[in-house]
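Examination of the molecular architecture
Listed here are the chains, written in short residue letters.
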Amino acid sequence: FTYTGERQRGICFSISQDTLYMASDKDNKTYPPVSYMLRDNGFTNPRGLIRGISSHCNSVAVNPVDGYVFWTQYTDGMVYYCDPKNPTEYFLAEMLNKSNELESFVYWSRDGKTFYHVAKGKHVVYRIGYNPVTHKFVGDEEVFAGKWGESGFENGAGENARLHDPWQLVEDQDGNVYIADRGNNVIRKVTPEKVVSVYAGNRQQGFVNGLPLASSFNNPEGIVIDQDGIMYVADRGNKVIRKIVVE
């Protein structure tokens, strides 16, 4: 990779995986909030996707169907998006709750029809429908898991559950969502009906392998699921990548 400014916060590939987008938590007067690099150039020579409309970007995500690029702004908690072929025409998605200095992350369902917005410091995850054909959000944003401004640990449905510094999330083939619940040192599972439970981790900070609920993590942040259904967790505090296989 090539240097694109300070505080790189997230990366995401285009649908074709020929373009890599990178979010930068830096004032856009110096560096663009989202840069892109091309595979043909060895993912070097970064160029600004768009400049002057947002700054201090925490996250970037590409819709897996229409290829539109979405990113967040730390200074006011807003979400922006655009067609990468026409980045000068951008759209603003005003979320249910917004706040100055809101560190948030954005993710997509596999079918590109559900948008997830993680407000990390506010300990809550939202979701809203999206139409990849019209490129418009559908319906109202709703609480998916947790409650705005209330950290803790509690299983339950939707707003009755409690998270503590949720980070990355990923969806499986059945529509279940898994969240790296950093502050609680666990991986949470949320069903499409918004029922929250613990998928892996015993809440004790540490490094212990074993069955999912007997294992220990130390501030897990990243999480992905491969095509075979195997889960990989970036266990930041232990400085390792953990692998979870359910047979």
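Given the structure is predicted, the values throughout are model-derived calculations rather than measurements. (Residues numbered from 1 in each chain as written. Predicted model: local features only at pLDDT ≥ 70, side-chain atom pairs only at ≥ 80, totals over all residues. Heavy atoms only, no water.)

A few words now on the sheet that holds strand β17 (residues 195-200). What the five strands build is an open sheet, ordered β13-β17-β16-β15-β14; its pairing is antiparallel. If you trace the sheet from one side to the other, it starts and ends with β13 (156-157) and β14 (166-171), each paired once. Judged from the four bridges that link them, β14 and strand β15 (residues 177-181) form a sheet pairing that is antiparallel. Each residue of the ladder has a partner; that of Pro166, found in β15, is Asp181. (Pairing = 2+ DSSP bridges. Helix = DSSP H or I, 4+ residues; strand = E, 2+ residues; numbered from the N terminus.)

Another aspect to go through is the pairing of strand β7 (residues 79-82). Residues Val79 and Tyr81 of β7 are buried on one face, and the alternating residues Tyr80 and Cys82, pointing to the opposite face, are buried as well. Looking at chain direction, strand β6 (residues 69-72) and β7 are connected through four bridges and run antiparallel. Paired with Thr72 across the strands is Val79, a residue of β7. Here β6 hands over to β7 after six residues, with Gly77 in that stretch at a positive phi of 75 degrees. (Buried < 20%, exposed > 50% of the residue type's maximum accessible area, 1.4 Å probe, protein only.)

Pairing analysis gives five bridges linking strand β2 (residues 19-24) to strand β3 (residues 34-38), with the strands arranged antiparallel. By the bridge assignment, Ala23 is partnered in β3 with Val34. Strand direction decides the pairing type here: β3 and strand β4 (residues 47-50), joined by three bridges, are antiparallel. When the sheet's bridge partners are listed, Ser35 is paired in β4 with Gly48.

Another aspect to go through is the sheet that holds strand β9 (residues 104-108). Read from one edge to the other, the open sheet built from four strands follows the order β9-β10-β11-β12, with strand pairing classed as antiparallel. Strands at the two margins of the open sheet, each flanked by one partner only, are β9 and β12 (136-146). Within this sheet the neighbouring strands show an average axis-to-axis angle of 20 degrees, counted without direction. Bridging between strand β11 (residues 124-131) and β12 involves seven bridges; their strand directions are antiparallel. (Axes fitted to C-alpha atoms, helices over the stretch in contact; angles between N-to-C directions.)

Before going further, it helps to examine the side chain of Ser14. Along the polypeptide, Ser14 turns up in the loop between β1 (8-13) and β2. Discounting chain neighbours no more than four positions away, the residues touching Ser14 are Thr19, Tyr21 and Val62. (Contact = heavy atoms within 4.5 Å.)

Okay, the nonpolar core next. General note: in soluble globular proteins, nonpolar side chains tend to be found buried as a group. The biggest cluster of nonpolar side chains holds 15 residues, and the ones touching the most others in it are Val125, Leu169, Val177, Ile179 and Val190. Setting aside its immediate chain neighbours within four residues, Val177 contacts Tyr116, Phe144, Leu169, Val170, Glu171, Arg188, Lys189 and Val190. In terms of nonpolar packing, the next biggest core, distinct from the first, is built from 14 residues, Val34, Leu49, Val62 and Cys82 among them. (Core = buried A, V, L, I, M, F, W, Y, C linked by side-chain atoms within 4.5 Å.)

Before going further, it helps to examine the layout of surface pockets. The gaps of empty space that remain are located by a probe, the size of a water molecule, rolled over the atoms. For the largest pocket, the calculated volume is near 1,200 Å³. Taken together, 33 residues form the lining of the largest pocket, with Ile11, Cys12, Tyr107, Gln168 and Val224 sitting closest to its centre. When contributions to the lining of the largest pocket are tallied by element, the ones reaching two or more residues are β1, β5 (60-62), β9, β14 and β18 (220-225). In terms of residue class, the lining of the largest pocket is made up of 19 nonpolar, nine polar and five charged. By volume, the second largest pocket amounts to about 260 Å³. (1 Å grid on protein atoms, 1.4 Å probe; cavity = no way out; pocket = protein on both sides within 12 Å on 5 of 7 lines; lining within 4 Å. Points joined across faces, edges and corners; volume = space filled by probe spheres on them. Nonpolar A, V, L, I, M, F, W, Y, C, P; charged D, E, K, R; others polar.)

A few words on the packing of aromatic side chains. In the structure shown here, the tally under the stated rule is 19 aromatic pairs. Measuring from ring centre to ring centre gives 5.6 Å for Phe70 and Phe115, while their planes differ by 40 degrees; the resulting arrangement is tilted. Placement of the pair is Phe70 in strand β6 and Phe115 in strand β10 (residues 114-119), with a sequence separation of 45 residues. Residue class for Phe70 comes out buried when judged on its relative accessible area of 0%. The exposure class of Phe115 is buried, given its relative accessible area of 0%. Centre to centre, the rings of Phe70 and Tyr130 are 5.6 Å apart; their planes meet at 85 degrees, and the pair counts as edge-to-face. In this pair, Phe70 sits in strand β6 while Tyr130 sits in strand β11, placing the two residues 60 residues apart along the sequence. Classification of Tyr130 by relative accessible area gives buried; the value is 3%. Aromatic rings pair up to connect Tyr68, Phe70, Tyr81, Phe91, Trp108, Phe115, Tyr130 and Phe137 into one cluster. Here Arg203 stacks its cationic end above the ring of Phe153, 3.9 Å away from the centre of that ring. One cation-aromatic arrangement involves Arg242 over Phe217; the distance from NZ or CZ to the ring centre is 4.9 Å. (Phe/Tyr/Trp six-rings, centres within 6.5 Å; stacked < 30°, edge-to-face > 60°. Lys NZ or Arg CZ within 6 Å of the ring centre and 35° of its normal.)

That is the geometry; function is a separate question.
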